[in-house]
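Observations on chain architecture
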Amino acid sequence: MEPISCAVLVLGGGPGGYVCAIRAAQLGLDTVLVEAAQLGGTCLNVGCIPSKAIIHAADVFHGAKRFAGGSPLGIRVAEPEFEIKTMMMWKDGIVSRLRGGVYGLLRRANIKVVSGIGVLSDGKTCIVGTDMGRQEITAQHVVIATGSESVPLPGLPFGGPVVSSTEALAFDEVPRRLVVVGGGYIGLELGTAWRKLGAEVTVVEAAERILPQYDAELTRRVMARLGKLGVEVLLNAKAVGLDRSGPALRIERGDGREQRLPADRILVTVGRRPRITGFGLEELDLRMSGNAIEIDDQCRTSMRNVWAVGDVTGEPMLEHRAVAQGEMVAEIIAGEKRSFDKVAIPAVCFTDPEIVSAGLSPEAARAAGHTIKTATFPFTANGRAMTLEAEDGFVRIVARADNHVVLGLQAVGQGVSELSAGFALALEMGARLEDIAATVHVHPTLGECVREAALVALGHGLHA
Ligand code: FAD
Ligand code: NAD
């Protein structure tokens, strides 16, 4: 095949890679994208999108089941039934529609997409094994966006009943007994969904509480709800290995006791790691930061004109961070002056209730040396929350005590993921408590709680 030469070669067509390619093409750079599997990467194909589709289906089914016993809303339905095959087809339809959209965007931007595993032979050359043969691509700039992969546990390799999130997004039947190892993002999002769809679920978490990356004030509500849903959560517990006479998972409790948990499926969600093998990284000898590619505040690696974005650069491994980095790198290559100087990368955990966190928690703000004012406003005092039967939760605001600049915004509750955009905007604009208090918020909405929390922090709450 004829060698290709271009200005920008993007290795990996996930959100970090394909957004970088689109932005580069918009800026007039001749761009080639290499993707080994499917456009959209982890997020679109086996991550954010399919998981949120299943979570939604589980919520709707669980809600309908509640109505089978009557409800304060006066709605009563016959016992609902769930057809997993139909739901999976609906979920797959969303994924393929979005994937088609990405393909169309790349085509319209005149980006050449090469399908196959790309292997870098140096900082300017990539060899791709395509269906049609060996394709050599040389580029002035290489952007590594190879993403991440699930971490297996020693003694519990993936295979048979032991599955990663990818398989748990495509079960062909609802497992009768599902054991989830790891009470983090994926374990709790998917564990809760499968519980609502009918599985008996046990979560085995090594730390002393679930979602250790969020503060306990936020996670307490999720823990309580898991209990109400009938999800068993074993804390200070570690998976030891598979007991094949079952199958079952052998775990070790905090007190050293061993326990056997029978399970049809064991979902291991103990984190993800940057994908750094299989594409010639060793040839480039880039500086690493642990198992991630080291980058500076412009996503430059230690080699000139080799860039890295997204999960391959380590935590936080979130889609919106990958996108922001990819966009920025394209602009820098095109000659713009940019650096990754975000005040906050908000995070949402799509549990029940949802958690959103942007900026600093009170504890993190104090640890950073700030003297702070903090206030919370409960959904029990919000009309919209009542009409949505969503009173379990609150909004919390953290601000500097001296000049009232907002340092952090967090919330826990049903649907609070949608507050994340406002949180991020307030932080990036350097809002003070007074700015939020002076902004007219629509009634009745959950967003009113953000203004109310600011008012409480200023000492003149109206509804608290
Ligand atoms: P990826 O999306 O992993 O894409 C990398 C791409 O590179 C892949 O398509 C891969 O095939 C390709 N590739 C790798 N090596 C090569 C090679 N040698 N040649 C060619 N191509 C190659 N994040 C959120 O922000 N919100 C969520 O709700 C959320 N939910 C998630 C749920 C699950 C179950 C999982 C697993 C992840 C979730 N994430 C979520 C994380 C999110 O998916 C990642 O942060 C995001 O996909 C990272 O984008 P990326 O472009 O860095 O990498
Ligand atoms: P995670 O880091 O969120 O959680 C892993 C959990 O496993 C932790 O609580 C950890 O204490 C526990 N653990 C580790 N070893 C263990 C062991 N031996 N036994 C029992 N527990 C153990 O990781 P994840 O849930 O696999 O998710 C990976 C990444 O994917 C996340 O960090 C996040 O970046 C991304 N993600 C984001 C979202 C979202 O934004 N809503 C959703 C899913 C995934």
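Notes on the structure in this doc start here. (Residues numbered from 1 in each chain as written. Chains lettered and ligands numbered in written order. Predicted model: local features only at pLDDT ≥ 70, side-chain atom pairs only at ≥ 80, totals over all residues. Heavy atoms only, no water.)

**Details of the nonpolar core**
Judged by nonpolar contacts, the single largest core of 38 residues is most densely connected at Leu178, Trp194 and Ile355. It is helix α3 (residues 48-68) that contributes the most residues to this core, five residues altogether. Non-local contacts of isoleucine 355, meaning those with residues more than four positions away in its chain, are made with Leu211, Tyr214, Leu218, Thr219, Val222, Ala347, Val348, Cys349, Ala411, Val412 and Val416. Grouped together as the second largest cluster of nonpolar side chains are 29 residues, Tyr18, Leu33, Val102 and Met328 included. (Core = buried A, V, L, I, M, F, W, Y, C linked by side-chain atoms within 4.5 Å. Buried < 20%, exposed > 50% of the residue type's maximum accessible area, 1.4 Å probe, protein only. Helix = DSSP H or I, 4+ residues; strand = E, 2+ residues; numbered from the N terminus. Contact = heavy atoms within 4.5 Å.)

**Here we look at the pairing of strand β5 (residues 125-130)**
Counting buried positions along β5 yields five of six residues, so the element is predominantly enclosed. Of the pairings in the sheet, the one linking strand β4 (residues 117-122) to β5 comprises five bridges and is antiparallel in character. Paired with isoleucine 117 across the bridge in β5 is glycine 129. Taken together, β4 and the strand that follows it, β5, pair antiparallel across an intervening segment of two residues. Sheet topology note: the β5/strand β6 (residues 133-144) ladder contains six bridges and is antiparallel. Pairing of cysteine 126 across the sheet is with isoleucine 137, part of β6. Between the antiparallel neighbours β5 and β6 lie two residues. (Pairing = 2+ DSSP bridges.)

**Some remarks on the pattern of salt bridges**
Taken as a whole, this structure holds 18 salt bridges when the rule is applied. The residue arginine 275 makes a salt bridge to glutamate 149 at a minimum N-O spacing of 3.8 Å. Taken as a pair, arginine 275 in the loop between β16 (272-274) and α8 (281-284) and glutamate 149 in strand β7 (residues 148-150) lie far apart in primary sequence, 126 residues in all. The exposure class assigned to arginine 275 is partly exposed, which follows from its relative accessible area of 31%. (Salt bridge = Lys/Arg side-chain N within 4 Å of Asp/Glu carboxyl O.)

**Describing the site of ligand 1**
As a structural note, the neighbourhood of ligand 1 is formed by 39 residues, with Glu35, Thr42, Lys52, Asp311 and Glu319 the closest of them. Contact with the protein chains removes 92% of the 990 Å² of surface that ligand 1 exposes when unbound. Of all the elements in the fold, those that place two or more residues in the shell around ligand 1 are α1 (15-26), β2 (31-35), α2 (41-46), α3, β4 and α9 (319-333). Here the element with the most residues in the shell around ligand 1 is α2; it accounts for four residues. A class-by-class count of the residues in the shell around ligand 1 yields 16 nonpolar, 17 polar and six charged. (Near = heavy atom within 4 Å. Areas by Shrake-Rupley, 256 points an atom, 1.4 Å probe, with all protein chains shown as cover. Nonpolar A, V, L, I, M, F, W, Y, C, P; charged D, E, K, R; others polar.)

**Some points on the state of the cysteines**
Enumeration over the complete set of coordinates arrives at zero disulfides. The thiol sulfur of cysteine 299 is not disulfide-bonded, and the nearest other cysteine sulfur, from cysteine 20, lies at 9.1 Å. (Disulfide = S-S within 2.5 Å.)

**Structural notes on the site of ligand 2**
The local shell around ligand 2 holds 25 residues, among which Ile186, Glu189, Glu205, Met317 and Val348 are the closest. A distance of 2.8 Å separates a nitrogen atom of ligand 2 from a polar atom in the side chain of glutamate 189. At a separation of 3.2 Å, an oxygen atom of ligand 2 approaches a polar side-chain atom of glutamine 213. In isolation ligand 2 offers 850 Å² of accessible surface; the protein chains occlude 82% of this area. (Polar contact = N/O pair within 3.5 Å; in protein donor to acceptor, adjacent residues only side chain to side chain.)

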